[in-house]
Amino acid sequence: MNGSAAMALLRRDLLLAVRRRTEWILPLIFLAVVISLFPLGISPAPSLLGRIAPGAIWIAALLATVIALDGVFRSDFEDGSLEQFLIGDESLTVIVMLKVLAHWLVTGLPMVLLSPLLGLWMNLPIDAIPVLMATLAIATPILSLVGAIGVALTLSLKGGGQLLSLLVFPLYVPVLIVATAAIMASVDDLPYSPFLGLLTAGLILSLTLAPLGAAAALRISLS
Amino acid sequence: MIAVSNLTYERYFMPVFRPVNFDLSAGKLLVITGANGSGKTTLIRILAGILPLEWGSYQSAATTTTYLGHQLAVKDDLSVIENIRFMQSFYARQAQAAAERASPRSIAGRLGLDHVAAQPARSLSAGQKKRCALSRLLVVSADLWLLDEPYSNLDEEGVSLVDEIIADHAARGGSCIMATHGTHRPLRPEAAELRLQAGDVADIE
């Protein structure tokens, strides 16, 4: 695919996101609401909150990602654009990659930008907040990429949304473990860069393999 | 342009239609007719490459193919102009050279969408949306067109617009295969007709 076609697709998806704000604003609000429930439901004690903050924020981010995920291919599937992409001359794998990128820019990136505020709410030590942001910045693209395979597989099913969460949560577990371990390590003043390295490796792996998988799954869903 | 031999498609262990054979040369039009459920859409979708080819074979000499199906691939949240502009830049490789490329507004004008060109596609009527989808034919210069019910939802004027676009395409040496249940017929006498008939188990044994 040449650059202008790629830019056209990216621009179209971002423009559509501007026109359909609820699709990405609702998951963000969901994330904020879940985090604000923790002090109410568990305990407002700052030390306890700070201790559970990494896990709580990351679990909420996982849930918010899954809520937003379905939108990555849904509208293109329903109006036939996906069919046209499938039979067109442009590589479906590259199209998938661009669509996931556009989707991450409107759903993942805002979560990264919101996370310092969430960290403060949960009394996460200030020093750990950059690490929280780094884990989200590196790992939410993994969630989007791996999730895209699940979305592509469940696209043509009724009630695919519930099945999607069953499919992708097991795959998200390693990301959750490593990401929270990185933040915990920085809270405890331990080296956290190995964890970030692991996450980056995961990002590279999913960046190379997930679009291929999602494109193959789309072919199955469309035929 | 495209040669098809003994092609059929099996669904629930039954062939959808009798195996079909045809050979379509450049600049010609083939009209696929048949009752509801006779497999017109299925055949078009196999030729487009959306459904897998399971029985029979086909060879296509077309370098690019444009498919227009029941799902129009028109984005509801984009205006007519934005839809056309996206197609132009996304299919820039297949589209005519930039110099002779028509402006989105003139394409909208040709399709009779001048007055609604800036409106989001969701506000269009079914017929207007269909016209908007037809812009794909004007933007992408493919040599083989696969049209599934190109006349559906269109008024008299829209029907003759489709005929006119297809005639222009044929004059440039392009081929066209269309599926229609026959209320509107292409006016051109040289069009060949292929009538699909319900398949029989014996056909695939």
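Rules used in this analysis
Residues numbered from 1 in each chain as written. Chains lettered and ligands numbered in written order. Predicted model: local features only at pLDDT ≥ 70, side-chain atom pairs only at ≥ 80, totals over all residues. Contact = placed C-beta atoms within 7 Å. Helix = DSSP H or I, 4+ residues; strand = E, 2+ residues; numbered from the N terminus. Nonpolar A, V, L, I, M, F, W, Y, C, P; charged D, E, K, R; others polar. Core = buried A, V, L, I, M, F, W, Y, C linked by C-beta atoms within 7 Å. Buried ≥ 20, exposed ≤ 12 C-beta atoms within 10 Å, placed from the backbone. Pairing = 2+ DSSP bridges. Axes fitted to C-alpha atoms, helices over the stretch in contact; angles between N-to-C directions. Expected span 1.5 Å × (residues − 1). Arc of directions from axis to C-beta. Parallel < 35°, antiparallel > 145°, perpendicular 65-115°, else oblique. Left-handed = near helix turned anticlockwise from the far one by under 90°.

**Q** What should I look at first to understand the interface of chain B and chain A in this one?
**A** The extent of an interface is frequently quoted as the accessible surface area lost upon association of the parts. Residue-level contacts link 22 residues of chain B with 20 residues of chain A. Of all the elements, helix α2 (residues 80-90) of chain B adds the most residues to the side of chain B that touches chain A, at 3 residues. Grouping the constituent residues of the side of chain B that touches chain A by class yields 12 nonpolar, 6 polar and 4 charged.

**Q** Hey, could you run me through the nonpolar core in this one?
**A** Buried together is how nonpolar side chains tend to be arranged in soluble globular proteins. Formed by 126 residues in total, the largest nonpolar core has its most connected members in A:Ile57, A:Ala61, A:Ala148, A:Ala152, A:Ala214 and B:Leu146. In terms of residue count, helix α7 (residues 129-154) of chain A provides more of this core than any other element does, 15 residues in total. Sequence-distant contacts of B:Leu146, defined by excluding residues within four places in its chain, comprise B:Ile44, B:Leu47, B:Ala48, B:Thr65, B:Tyr67 and B:Ile177.

**Q** Teacher, can you tell me more about the sheet that holds strand β8 (residues 144-148) of chain B here?
**A** Picture the strands of a sheet paired through backbone hydrogen bonds; they go either parallel or antiparallel. Residue and element names in this part refer to chain B. Ordered in space as β7-β8-β9-β5-β10, the 5 strands form an open sheet in which the pairing is parallel. The two strands at the open ends of the sheet, each matched to only one other strand, are β7 (65-68) and β10 (192-195). Pairs of neighbouring strands in the sheet enclose a mean axial angle of 15°, with direction left out of account. The sheet contact formed by β7 and β8 spans 4 bridges and is parallel.

**Q** What am I meant to see in unusual backbone geometry here?
**A** Most peptide bonds take the trans form, and the phi angle of most residues other than glycine is negative. All names here are of chain B. Located in the positive-phi region is Asn-6, a residue other than glycine, with phi close to 50°. Mapped onto the fold, Asn-6 is located in strand β1 (residues 2-8). On the basis of neighbour counts, which here come to 14 C-beta atoms within 10 Å, the residue Asn-6 falls in the partly exposed class. Here Glu-149, not a glycine, exhibits a phi torsion of approximately 50°, which is positive. Structurally, the position occupied by Glu-149 is in the loop between β8 and α5 (156-171). Using a count of 19 C-beta atoms within 10 Å as the deciding quantity, one classes Glu-149 as partly exposed.

**Q** Honestly, the pairing of strand β5 (residues 29-33) of chain B in this entry has me stumped. Any pointers?
**A** The two faces of a sheet get side chains in turn, since along a regular strand they alternate between them. Residues and elements named next belong to chain B. Bridge count between β5 and strand β9 (residues 175-179): 4 bridges; the pairing is parallel. Counted as the bridge partner of Leu-29 is Cys-176 from β9. Relative to β10, β5 is paired through 4 bridges, and the arrangement is parallel. Residue Thr-33 lies in a different strand from β10, and its bridge partner there is Arg-195.

**Q** Would you mind going over helix α2 (residues 22-41) of chain A with me for this structure?
**A** Each full turn of the α-helix corresponds to 3.6 residues, which orients residues three or four apart in the same direction. All names here are of chain A. An ideal rise of 1.5 Å per residue puts 28 Å on 20 residues; α2 measures up with 27 Å between its terminal C-alpha atoms. Along α2, the residues that are buried comprise Glu-23, Trp-24, Pro-27, Leu-31, Ile-35 and Phe-38. The buried residues of α2 occupy an angular sector of 115° when projected down its axis, which confines them to one face. In this structure, α2 carries Thr-22, Ile-29, Val-33, Leu-37, Leu-40 and Gly-41 as exposed residues pointing more than 90 degrees from its buried face. The inward-facing, buried residues of α2 abut α1 (3-19), α3 (46-69) and α6 (92-121).

**Q** I keep staring at the packing of α3(A) against α6(A) and nothing clicks. Help me out?
**A** Two quantities define a packed helix pair, namely the angle between the axes and the distance from one axis to the other. Residues and elements named next belong to chain A. α6 packs onto α3 with a crossing angle of 155° between their chain directions and a minimal axis gap of 11 Å. In terms of orientation, α3 lies roughly antiparallel with respect to α6. Considering how the two elements wind past one another, α3 and α6 form a crossing that is right-handed. Residue-level inspection shows Ala-53, Ile-57, Ala-61, Ala-64 and Ala-68 of α3 in contact with α6, the latter providing Thr-107, Met-111, Ser-115, Leu-118 and Gly-119. Of the residues in the contact of α3 with α6, the class split is 7 nonpolar, 3 polar and no charged.

**Q** In this structure, what is going on with the sheet that holds β1(B)? I would like to understand it.
**A** Residues and elements named next belong to chain B. Overall, antiparallel pairing links the 3 strands, which are arranged β4-β1-β6 in an open sheet. What marks the edges here is a single partner per strand, and that holds for β4 (20-24) and β6 (55-60). Each adjacent strand pair in this sheet contributes to an overall mean axis angle of 5°, direction not counted. Pairing between β1 and β6: 5 bridges, direction antiparallel. Residue pairing for β6: Val-4 is matched across the bridge by Tyr-58.

**Q** Would you take a moment to explain the environment of A:Leu86 for this structure?
**A** Here A:Leu86 shows up in helix α5 (residues 81-87). Assessed through the 19 C-beta atoms surrounding it within 10 Å, A:Leu86 is described here as partly exposed. On a C-alpha basis, the gap between A:Leu86 and A:Ala5 in space is 15 Å, while along the polypeptide they are 81 residues apart. The contact partners of A:Leu86, leaving out residues within four places of it in the chain, are A:Leu92, A:Leu218, A:Arg219, A:Leu222 and B:Ile50.

Keep in mind these numbers describe shape, not what the thing actually does.
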